[in-house]
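Residue-level listing of the chains:
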Amino acid sequence: MKLDPRTKLFLVAAANTMIFSVPYAYSMPMVAAVLVLLLLEKKWKFMSVFFPVYAIAALCFDYLKQLDSGMIGTLLAATVLLICRMMPVGVVFYYIMATTKANEFMAGMSKMHVPNKVTIPLTVMIRFFPTVFDESRAISTAMKMRGIRLFSLHTLKNPLTILEYRLIPLLVSITKIGDELSVAASTRALAPDTRRTCIVPIGFHVQDAVVFVYCIAVIAFVVVSHI
Amino acid sequence: MPNVKTTGKKSSNTLVRDLVNVGIFAALYFVLAFASSSIGYIPALIIFSTGSISLVTSIPLFLFFLKIDRPIFCCLLFSSFFGCVMLMMGQSLLMLPIFVTVGVLTGFCLKILHKSFWGLFSANVSMSLLSSSMMLPLWLSTEEYLAYASGMSDEGYVAKMAELANSYWPLVAIFAFGILGAVVGSFIARRVMKKHFERIGLA
């Protein structure tokens, strides 16, 4: 099922507002919506990891919130709360990143009359999150082969070395990717004052209307029940 | 090339490069800031988390400042992205003007002092205010922030935050540690730039 990029942006805004700004129970309908969308995209592998972890964390949430048992308890509670609160947001962003191509996103933003000066960095930013994680994972594997790990006696003795061994290779590779990307962007006529065309048709369909109505209904329900 | 005559107008290609750099470094800054702020989950270390953020993000910020041609515009865009992200994460509306101000201030530091060490240093210190001001609503609108935090964390953590909000000293400490982290980070970044990036021609 293909959603319009603008609908996805609305979904992100609605889901984030629901997850962060209102009591925990109200965020469930938005999490459920994103789960259904991910199922429709057939992301089975991701779902099989996310769903059990989230379900366990959600079940423990209320119990751990009242728990007051020293530092380890607080750390445990913080981890579970992080899973409950931040993971759904991460999942919404994962859905956007996994299903939106850069050109579709740019076409959607252009239809919303957002200037290219804002759209270009935003597109690059969204496209770059997976790259940062991929590069970081690759560097981590390379460093493991040299015996440099994040939690080892060597790094505990001198924590700044981790900056040198992990952050600098990451920066070098990302800067090079960035330079290549800006050259590639220029060759594809990506300039701040040109209007690009998009081969993929962008527009509102039935599925967009369903997502819109669902989000507005959830928000309206929360607002009414709070009043 | 001193004899080359130019129109004085910056090319649109450099603008695209700047915009791409803003996107790349914003993504990296976001990941690093989130990772390094995680020490703040231990209640006793909340105050030190801003220091760790500015320490870790100093090197990428130095590289970012060196690579951009339009400092005010790029820094403004960079910081307003975070303002928007904070708004989307349910923070108070106050964050957006604060972040925009920090962005403009950073841009002016770079514009006035250029890309000398002290220019980069002052820009880095000013950018550290970005992470430090994230906790500002705890003092400016205490009840609203505590209500927001109670949805995100356990009772003990919220109680610790309420305790911090009683006095203004923790706020001063948060900003002081943020600036201290940026100062130490800047000197580390200068060494790293010389040792690694200048050698391979990236800085």
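Residues numbered from 1 in each chain as written. Chains lettered and ligands numbered in written order. Predicted model: local features only at pLDDT ≥ 70, side-chain atom pairs only at ≥ 80, totals over all residues. Heavy atoms only, no water.

Quick notes on the overall build of chain B
- A count of helical and extended segments in chain B gives nine helices and zero strands.
- Traced from its N-terminal end to its C-terminal end, chain B shows the element sequence α-α-α-α-α-α-α-α-α.
- Against the compact-globule benchmark of 17 Å for 203 residues, chain B has a radius of gyration of 18 Å, which places it among compact chains.
- If one aligns the C-alpha atoms of chain B with their principal axes, the spans along those axes are about 65 × 35 × 25 Å. (Helix = DSSP H or I, 4+ residues; strand = E, 2+ residues; numbered from the N terminus. Rg over C-alpha atoms; globule rule 2.2 N^0.38 Å.)

What to know about the overall build of chain A
- Within chain A one finds nine helices and zero strands.
- Considering only C-alpha atoms, chain A reaches an extent of 55 × 50 × 30 Å along its principal axes.
- For chain A, the residues scored as buried account for 44% of the 227 residues in total.
- Taking as baseline every contact in chain A between residues at least 6 positions apart, the subset at least 24 positions apart corresponds to 76%.
- Accessible area of chain A: about 12400 Å², with a carbon and sulfur share of 70%.
- On chain A, the mean spot of the 22 positive side-chain charges and the mean spot of the 12 negative ones are 4 Å from each other. (Buried < 20%, exposed > 50% of the residue type's maximum accessible area, 1.4 Å probe, protein only. Contact = heavy atoms within 4.5 Å. Areas by Shrake-Rupley, 256 points an atom, 1.4 Å probe, with all protein chains shown as cover. Lys, Arg positive; Asp, Glu negative; His and termini not counted. Charge placed at Lys NZ, Arg CZ, Asp CG, Glu CD.)

Quick look at the interface of chain B and chain A
- Listed per partner, the contact involves 46 residues of chain B and 51 residues of chain A.
- Contact between chain B and chain A buries roughly 4200 Å² in total, counting both sides, with carbon and sulfur atoms accounting for 80%.
- Our enumeration of links across chain B and chain A arrives at two salt bridges.
- With a shortest N-O distance of 2.6 Å, Glu164 of chain A and Lys195 of chain B are connected by a salt bridge.
- Taken together, the connections running from chain B to chain A amount to two residue pairs in polar contact (both at pLDDT 80 or more). (Buried area = accessible area lost by both parts, 1.4 Å probe. Salt bridge = Lys/Arg side-chain N within 4 Å of Asp/Glu carboxyl O. Polar contact = N/O pair within 3.5 Å; in protein donor to acceptor, adjacent residues only side chain to side chain.)

Thoughts on the confidence of the model for chain B
- Per-residue pLDDT for chain B averages 85, and the proportion of residues at 70 or more is 92%.
- Interface confidence for the predicted complex, expressed as ipTM, amounts to 0.84; the pTM equals 0.87. (pLDDT = per-residue confidence, 0-100.)

Re the packing of aromatic side chains
- Tallied over the entire structure, the rule returns 20 aromatic pairs over all chains.
- Judged by centre distance (5.9 Å) and plane angle (20 degrees), the rings of Phe30 of chain B and Phe82 of chain B are stacked. Here Phe30 of chain B, found in helix α1 (residues 12–36), pairs with Phe82 of chain B, found in helix α3 (residues 71–88); they are 52 residues apart in sequence, far enough to count as distant.
- Judged by its relative accessible area of 23%, Phe30 of chain B falls in the partly exposed class.
- Taken together, the aromatic side chains of Phe129 of chain A together with Phe25, Tyr29, Phe30, Phe64, Phe65, Phe78 and Phe82 of chain B make up a single cluster linked through ring pairs.
- Stacked on the ring of Phe73 of chain B, the Lys or Arg Lys117 of chain A has its end atom at 5.7 Å from the ring centre.
- Arg190 of chain B extends its terminal NZ or CZ atom over the ring of Phe117 of chain B, reaching a point 4.2 Å from the ring centre. (Phe/Tyr/Trp six-rings, centres within 6.5 Å; stacked < 30°, edge-to-face > 60°. Lys NZ or Arg CZ within 6 Å of the ring centre and 35° of its normal.)

Quick notes on the environment of Ile200 of chain B
- With respect to the secondary-structure elements, Ile200 of chain B resides in the segment after α9 (169–197).
- Counting along the chain gives 88 residues from Ile200 of chain B to Ile112 of chain B, while the straight-line C-alpha distance between them is 28 Å.

A few points about helix α2 (residues 49–67) of chain B
Residues and elements named next belong to chain B.
- End to end, α2 covers 27 Å across 19 residues, agreeing with the expected 27 Å (1.5 Å per residue, within 8%).
- At Ser58, α2 shows its strongest bend, of approximately 45 degrees, with the proline Pro60 following within four residues.
- Across the 19 residues that make up α2, a large majority, 17, are buried. (Expected span 1.5 Å × (residues − 1). Bend = angle between axes of the 7 residues up to and from the residue.)

A closer look at the packing of helix α8 (residues 160–187) of chain A against α9 of chain B
- Interhelical geometry of α8 of chain A versus α9 of chain B gives an angle of 55 degrees and a closest axis separation of 12 Å. In terms of orientation, α8 of chain A and α9 of chain B fall into the oblique class. The two elements α8 of chain A and α9 of chain B cross, and the hand of that crossing is right-handed. Counting all contacts with α8 of chain A, which are made through Leu160, Glu164, Ile168, Leu171 and Val172 of chain A, the residues of α9 of chain B involved are Ile188, Val192, Lys195, His196 and Phe197 of chain B.
- For the contact of α8 of chain A with α9 of chain B, the class distribution of residues is seven nonpolar, one polar and two charged. (Axes fitted to C-alpha atoms, helices over the stretch in contact; angles between N-to-C directions. Parallel < 35°, antiparallel > 145°, perpendicular 65-115°, else oblique. Left-handed = near helix turned anticlockwise from the far one by under 90°. Nonpolar A, V, L, I, M, F, W, Y, C, P; charged D, E, K, R; others polar.)

With respect to the nonpolar core
- The biggest cluster of nonpolar side chains holds 123 residues, and the ones touching the most others in it are Ile59, Phe64, Phe65, Phe78, Met161 and Phe197 of chain B.
- Setting aside its immediate chain neighbours within four residues, Ile59 of chain B contacts Leu163, Leu167 and Leu171 of chain A together with Ile188, Ala189, Val192, Met193 and Phe197 of chain B. (Core = buried A, V, L, I, M, F, W, Y, C linked by side-chain atoms within 4.5 Å.)

Some remarks on empty space enclosed by the protein
Residues and elements named next belong to chain A.
- One pass over the structure, following the stated rule, counts one cavity of 30 Å³ or more.
- A volume near 40 Å³ is recorded for the largest cavity.
- Forming the walls of the largest cavity are Ile19, Met30, Val31, Val34, Phe50, Pro88, Val91 and Val92.
- Among the elements of the structure, α2 (28–40) and α4 (70–99) are those that each provide at least two residues to the lining of the largest cavity. (1 Å grid on protein atoms, 1.4 Å probe; cavity = no way out; pocket = protein on both sides within 12 Å on 5 of 7 lines; lining within 4 Å. Points joined across faces, edges and corners; volume = space filled by probe spheres on them.)

Some details on the pattern of salt bridges
- Enumeration according to the criterion identifies seven salt bridges over all chains in this entry.
- Where Asp4 of chain A meets Arg6 of chain A, a salt bridge forms, and the shortest distance between an N and an O atom there is 2.9 Å.

Overview of the environment of Ile56 of chain A
- By secondary structure assignment, the location of Ile56 of chain A is in helix α3 (residues 44–66).
- Note: C-alpha distance between Ile56 of chain A and Ile83 of chain A (27 residues apart in sequence) is 9.7 Å.

Describing unusual backbone geometry
- Located in the positive-phi region is His113 of chain A, a residue other than glycine, with phi close to 60 degrees.
- Locating His113 of chain A in the fold gives a position in the loop between α5 (102–111) and α6 (116–145).
- Phi at His114 of chain B is positive, roughly 60 degrees, even though this residue is not glycine.
- As for its placement among the helices and strands, His114 of chain B is situated in the loop between α4 (95–113) and α5 (117–132).
- Its relative accessible area of 55% is what places His114 of chain B among the exposed residues.

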